[in-house]
Amino acid sequence: MDIPRIFNITESAHRIHNPITPEKLATLGAALRLESGDRVLDLGSGSGEMLCTWARDHGITGIGIDMSQLFTEQAKLRAVELGVADQVTFIHDDAAGYVSDEKVSVAACVGATWIAGGVAGSIKLLAQSVRSGGIILIGEPYWRRLPPTEDVAKGCLANSISDFLMLPELLASFNHLGYDVVEMVLADQDGWDRYEAAKWLTMRRWLEDNPDDEYARDVRATLTSEPERYATYTREYLGWGVFALMPR
Ligand code: SAH
């Protein structure tokens, strides 16, 4: 079981697989007022940076589930590197339908809400793991500027304009689901650059090391076109944020 190989190639050097920076991840941890011993569940935990740094900085314990074998291995190594291997557990698995045995203080799905069929489905799934008074964390894109045409949405690698909402609408949608939005940390264009531009050097180095790989032609085409596509579309139109929710 694994995610499509292209992500394991282009994001192999990423610690954070989203436009949030290490600084903003730390801001988020502080904003949530985490306490030592709090349990955190992370569905689609990637390379584990959120759980590992929060374990180091706030003394939380955590479980992360991710379908990428590579990212899960990297998460385990990061836990050892930060001295928190006894606090966090990373499981290589499909997180669809995952509910924790013990209730958690924070249940998160950061930039992977398709795992449960979208934002509403993810909230419903996470709600089954969170303790009363706990927090659900959702990381999700929104339109920073509304695409004027469907082609512009496709340029952002969305299927259609309807894939995402504007920020006020996204916040209203949480409200309509019966949740208070109690905190949020938003990415900015510099954060998008860290996520997207970091793929380019990784692709370039991968191409040099794997010229005869069956993916080399695709990766070459992507590297050639990606900076311009990103600057024209994603960087201009897409926002991204992590939203902290509590049921009313
Ligand atoms: N939350 C992490 C990773 C976000 S990228 C971070 O912010 O860094 C999306 C992640 O979802 C990837 O790590 C990918 O491997 C994982 N993923 C995709 N489908 C999944 C599934 N069905 N179950 C668990 N993880 C999945």
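Further up the page is the structure itself.
Scoring rules and cut-offs
- Residues numbered from 1 in each chain as written.
- Predicted model: local features only at pLDDT ≥ 70, side-chain atom pairs only at ≥ 80, totals over all residues.
- Heavy atoms only, no water.
- Buried < 20%, exposed > 50% of the residue type's maximum accessible area, 1.4 Å probe, protein only.
- Helix = DSSP H or I, 4+ residues; strand = E, 2+ residues; numbered from the N terminus.
- Pairing = 2+ DSSP bridges.
- Right-handed = clockwise from strand over helix to strand, strands pointing away.
- Near = heavy atom within 4 Å.
- Polar contact = N/O pair within 3.5 Å; in protein donor to acceptor, adjacent residues only side chain to side chain.
- Nonpolar A, V, L, I, M, F, W, Y, C, P; charged D, E, K, R; others polar.
- 1 Å grid on protein atoms, 1.4 Å probe; cavity = no way out; pocket = protein on both sides within 12 Å on 5 of 7 lines; lining within 4 Å.
- Points joined across faces, edges and corners; volume = space filled by probe spheres on them.

J.: Provide a residue-level description of the pairing of strand β5 (residues 130-143), including the pertinent values.
T.: The element β5 is extensively covered by neighbouring structure, given that eleven of its 14 residues are classed as buried. Pairing of strand β4 (residues 104-110) with β5 involves six bridges; the strand directions are parallel. Directly across from Ala-107, in β5, lies its bridge partner Ile-136. One crossover worth recording links β4 to the parallel β5 by way of helix α5 (residues 119-127), and it is right-handed.

J.: Summarise the site of the ligand; cite the residues concerned and give the values.
T.: Close contacts around the ligand come from 19 residues, with His-17, Asn-18, Gly-44, Asp-66 and Ala-95 the closest. Within the backbone of Ala-95, one N or O atom sits 2.8 Å away from a nitrogen atom of the ligand. In the environment of the ligand, a nitrogen atom lies 3.3 Å from a nitrogen or oxygen atom belonging to the side chain of Trp-114. Of the residues that constitute the shell around the ligand, the class distribution is nine nonpolar, seven polar and three charged.

J.: Just give me the short version of the environment of Gly-83, but keep the residues and values in it.
T.: Relative to the helices and strands, Gly-83 resides in the loop between α4 (69-81) and β3 (88-92). Judged by relative accessible area, which is 54%, Gly-83 ranks as exposed. Taking C-alpha positions, Gly-83 is 25 Å from Ala-95, a pair spaced twelve residues apart along the chain.

J.: How would you sum up the layout of surface pockets? Please name residues and give values.
T.: To locate leftover empty space, one rolls a probe as large as a water molecule over the atoms. As a volume, the second largest pocket reaches approximately 320 Å³. Lining the second largest pocket are 16 residues; nearest its centre among them are Ala-13, His-14, Arg-15, Arg-194 and Ala-198. Here the element with the most residues in the lining of the second largest pocket is helix α8 (residues 189-209); it accounts for six residues. Residues of the lining of the second largest pocket, tallied by class, amount to seven nonpolar, four polar and five charged.

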